[in-house]
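# Structural overview for review
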2 protein chains.
Amino acid sequence: MERRNFLAKAGVGAAALGLVACGKKEEPKPATAPAASSPAPAATPAPAASGEVIRWRLASSFPKSLDTIYGGAEFMAQRVAEATGGKFQIQVFAGGEIVPGPAVFDAVKDNTVEMAHTASYYFFGKDPTYAFDCAIPFGMNNRQLDAWMRYGNGTKLMNELYGKSNIVPIPCGNTGAQMGGWFRKEVKTVADMHGLKIRIGGFAGEVLSKLGAVPQQIPGGDIYPSLEKGTIDAAEWIGPYDDQKLGFNKVAKYYYYPGWWEGGPQLSVYVNSAKYAELPKEYKAILHMACADAHVDMMAKYDAKNPIALKQLVGSGTQLRQYPKVIMDAAYKAAMELYAETSKANPGFKKVYDDYSKFQADENLWFGIAEGAYSSYMGTKR
Amino acid sequence: MERRNFLAKAGVGAAALGLVACGKKEEPKPATAPAASSPAPAATPAPAASGEVIRWRLASSFPKSLDTIYGGAEFMAQRVAEATGGKFQIQVFAGGEIVPGPAVFDAVKDNTVEMAHTASYYFFGKDPTYAFDCAIPFGMNNRQLDAWMRYGNGTKLMNELYGKSNIVPIPCGNTGAQMGGWFRKEVKTVADMHGLKIRIGGFAGEVLSKLGAVPQQIPGGDIYPSLEKGTIDAAEWIGPYDDQKLGFNKVAKYYYYPGWWEGGPQLSVYVNSAKYAELPKEYKAILHMACADAHVDMMAKYDAKNPIALKQLVGSGTQLRQYPKVIMDAAYKAAMELYAETSKANPGFKKVYDDYSKFQADENLWFGIAEGAYSSYMGTKR
């Protein structure tokens, strides 16, 4: 498909979102009143057996072109409809259709929409603590995060945090460890990062700033021309399947890994807590289960599609490069400094980070044994 | 807890099952008529809204002591009950309570019980092809298997295979990569495996036989005394959390990893296909979603509990050992030979293996990039 047509069709324009956190200064605007083509009746509390149909609207932060991430919300909504015989219907709107991407937080808080599907690091500008529900640099991978959410204090802490804004968070998807971005030139030392204009945001941008790089805030649709013109030197997006669609391989030769700022970013459904409370208890259970099903499904879809795209990219000339250990080490050190600084300034952040990092240390220990040794060995058998 | 009491209470007796496949010669006996204390009315097909309660019985192959694996079925059943307001109730019976462990296959096929929760490599003796729904040596890890099931041909192939016996398979849990067993003495070369009496079964036993080891079929409850007396030299079970309960660390010093024969064993729910067909479509959706929820939950529970147990084991003197590469390589070669031999003799096996191994090769490629590099790096940060 011709690139510009594709971008236009996919709605990856200046108003659309990439998987980059909003910059600190970009305080999300209040959600505007919806102007959807379909009617949006207020959800009526109804017992499951009463026969009344509950209709909710879900504001996704993602364009439809991201069929894996955006598709996760559609998968979930379909499951909910199936399980309720169509009596609980969730209509999914793409990013920007009724609410601008990062504004979904306030839209849910204020009940402009009943729910959203997004990546919580978009709320980094409000409070970096929100990012724990998605990803932080050198954070937990998808399984570790599931363990923290379900058998650590993750769900409790996230419920507390989001509950202050009348939001109930429910995990609903993960991309797995992402790639580390497209570079026009190779980077071999920390000095090579100095002055590097890289499209990246949130915590990752702050970490890279400490290394002397110059993070850029650019919407997904503007990355290609910026890389092409050399306005930026590098850009991160997601992984092979999604990146290939935007054609970055045509304007940047080197594809780095791993995306150490997104080792297992979780997507979540955020529900207005009053609306959640009104749901019959059967529908609450169904909603949670549908999100869990979508959680597995998104990860599976990425894992099935990424290797095929990766082979095609490499076949078309993309050069894979692993981040040099010196750069990883410098970034790790910078991230730890940043967490220490943020913990000092933000007690809420400290509370979650202390719990998260303690849990993560145990997980890293365990994943270095059976899982790690097995994966490493199998990685040699392609 | 005192060990013998524990084993008695846990029902890990001679009749109970460990996570070892039944030997080829152990053809499961026909399931006997149930003698449960509670009544077992035949499930009545009922539309979701009719108000009739559907009651099913689930035969687990696992003892209650395995709260993670056995608990997976209880978690699923509870979710189903919640989502249906108690109108679809699944009663879970532990291994041996109403059906002997490996006999759950025939019990579901013949509708003695509506469903089972088990590990399909227990059916290895009937046909090794069944094992693809759980694990084969050097097979896919949990995420790769999810990808094959949902976005490869896994579900289609497993539906075809189990459908011949009137069984609908639904994934419901995974343990993640297991440990490689408890050894009384270190093994450093392939020669050290020669004559080694190791408690292991199924494909893994056949692979180890090719290396000169002597696989032993021993129920879970008999492993401890056998290791203690030296009747066997080594035994595999599951991972730190489950192994610690059986106290193997007291009678075998060396704890090997990874369990290359169980890189991501999947547990599944198997449903009688006629009973499945009778379910209202809403309940079908709910059953699948509840299994997906349990799927995430079991993995999360293992990942949360294993590191704590591992630290305690190491603290009490257990010596961790990684399988030497020479042994891994010899086992890998033996496994590939075995798959080639089995493919020649068994066209049904060949059909699934060809698809599975092709998919796996792509997965191994992808997992060696972003996910693998990230995990390896984080493994150095404990």
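Residues numbered from 1 in each chain as written. Chains lettered and ligands numbered in written order. Predicted model: local features only at pLDDT ≥ 70, side-chain atom pairs only at ≥ 80, totals over all residues. Heavy atoms only, no water.

Going by an unreviewed UniProt entry, chain A carries the name Extracytoplasmic solute receptor protein YiaO and comes from Accumulibacter regalis.

Relative to chain A, chain B is turned by 180° and slid 0.0 Å along the rotation axis, the superposed coordinates differing by an RMSD of 0.0 Å. These values place the two chain copies in the arrangement generated by a two-fold rotation axis. For chain B, the smallest separation between a C-alpha atom and the rotation axis is recorded for Met-289 of chain B, amounting to 2.8 Å. (Least-squares fit on C-alpha atoms with pLDDT ≥ 70 in both.)

Our focus in this paragraph is the UniProt feature "binding site: substrate" (unreviewed entry) in chain A. Residue and element names in this part refer to chain A. UniProt marks Gln-178, Arg-199, Glu-236 and Glu-262 with the feature "binding site: substrate" (unreviewed entry), using the numbering shown here. A distance of 3.0 Å separates a polar atom in the side chain of Gln-178 from a polar atom in the side chain of Thr-175. Its place among the elements puts Glu-236 in the loop between β8 (234–235) and α8 (240–246). (UniProt positions renumbered as here; feature names shortened; annotations may be inferred. Polar contact = N/O pair within 3.5 Å; in protein donor to acceptor, adjacent residues only side chain to side chain. Helix = DSSP H or I, 4+ residues; strand = E, 2+ residues; numbered from the N terminus.)

With that settled, the discussion passes to the sheet that holds strand β10 (residues 266–272) of chain B. All names here are of chain B. If you trace the five strands from one edge of the open sheet to the other, you get β2-β1-β3-β10-β4, paired in mixed fashion. Two strands bound the open sheet, and with one partner strand each, they are β2 (88–93) and β4 (167–174). Each strand axis lies, on average, 25° off the axis of its neighbour in the sheet, ignoring direction. Bridge analysis of β4 against β10 gives six bridges, and the strand direction is antiparallel. Its bridge partner lying in β10, Ile-167 is registered against Asn-272. Along the sheet, helix α10 (residues 281–315) contacts β1 (54–60), β2, β3 (115–119), β4 and β10; its crossing angle with β4, the most-contacted strand, is approximately 30°. (Pairing = 2+ DSSP bridges. Axes fitted to C-alpha atoms, helices over the stretch in contact; angles between N-to-C directions. Contact = heavy atoms within 4.5 Å.)

Let us now look at the confidence of the model for chain A. Residue and element names in this part refer to chain A. Considering every residue of chain A, the mean pLDDT works out to 88; 87% of them sit at 70 or more. Between residues 1–47, whose pLDDT stays under 50, and residues either more than four places distant or in other chains, the model counts 110 contacts. The ipTM assigned to the predicted complex is 0.89, against a pTM of 0.89. (pLDDT = per-residue confidence, 0-100.)

Core analysis: the largest hydrophobic core is formed by 259 residues, its most contacted members being Met-76, Trp-148 and Leu-287 of chain A together with Met-76, Trp-148 and Leu-287 of chain B. Broken down by element, this core gets its largest block of residues, 15 residues, from helix α10 (residues 281–315) of chain A. Beyond its immediate chain neighbours, meaning those up to four positions away, Leu-287 of chain B contacts Trp-56, Met-76, Val-80, Ile-90, Met-115, Ile-170, Val-271, Tyr-276 and Leu-279 of chain B. (Core = buried A, V, L, I, M, F, W, Y, C linked by side-chain atoms within 4.5 Å. Buried < 20%, exposed > 50% of the residue type's maximum accessible area, 1.4 Å probe, protein only.)

Sequence positions flagged by UniProt for "binding site: Na(+)" (unreviewed entry) are, in local numbering, Trp-237 of chain A. Mapping Trp-237 of chain A onto the fold places it in the loop between β8 and α8.

With that settled, consider helix α2 (residues 69–83) of chain B. The terminal C-alpha atoms of α2 of chain B lie 22 Å apart, and with 15 residues this matches the ideal 21 Å at 1.5 Å per residue to within 8%. Gly-85 of chain B sits one or two residues past α2 of chain B and shows a positive phi near 60°. (Expected span 1.5 Å × (residues − 1).)

Before going further, it helps to spend a moment on the packing of aromatic side chains. The geometry of an aromatic ring pair is captured by two quantities: the separation of the ring centres and the angle between the planes. In this structure the tally under the stated criterion is 67 aromatic pairs over all chains. Relative to Trp-261 of chain B, the ring of Trp-260 of chain B lies with its centre 4.7 Å away and its plane at 85°, an arrangement referred to as edge-to-face. Of the two residues examined, Trp-260 of chain B and Trp-261 of chain B, each falls in the buried class. Between Trp-260 of chain B and Tyr-323 of chain B, the aromatic rings sit 6.5 Å apart at their centres with planes inclined by 65°, giving edge-to-face as the arrangement. On the criterion of sequence distance, the pair formed by Trp-260 of chain B in the loop between β9 (254–257) and β10 and Tyr-323 of chain B in the loop between β11 (319–322) and α11 (325–345) is long-range, its members being 63 residues apart. We note that Trp-260 of chain B, like Tyr-323 of chain B, is buried. Among the aromatic side chains, those forming a connected cluster through ring pairs are Phe-124, Phe-132, Trp-148, Phe-203, Tyr-339, Phe-349, Tyr-353 and Tyr-356 of chain A. Above the plane of the ring of Tyr-332 of chain B lies Lys-381 of chain A, whose end atom (NZ or CZ) is 4.4 Å from the centre. (Phe/Tyr/Trp six-rings, centres within 6.5 Å; stacked < 30°, edge-to-face > 60°. Lys NZ or Arg CZ within 6 Å of the ring centre and 35° of its normal.)

On to the pattern of salt bridges. Across all of its chains, the model carries 48 salt bridges over all chains by this definition. When the shortest N-O distance is used, the salt bridge between Glu-186 of chain B and Arg-321 of chain B registers 2.6 Å. Of this pair, Glu-186 of chain B sits in the loop between β5 (182–183) and β6 (197–199) while Arg-321 of chain B sits in strand β11, and the two are 135 residues apart along the sequence. Since its relative accessible area comes to 29%, Glu-186 of chain B is described here as partly exposed. The partner of Glu-337 of chain B in a salt bridge is Lys-210 of chain B, and the shortest N-O contact between them spans 3.7 Å. Residue Glu-337 of chain B is found in helix α11, and its partner Lys-210 of chain B is found in helix α6 (residues 202–210); the two are separated by 127 residues along the sequence. With a relative accessible area of 35%, Lys-210 of chain B lands in the partly exposed category. Each of Arg-79, Glu-82, Asp-293 and Asp-297 of chain A together with Arg-150 of chain B takes part in a single network of salt bridges with overlapping partners. (Salt bridge = Lys/Arg side-chain N within 4 Å of Asp/Glu carboxyl O.)

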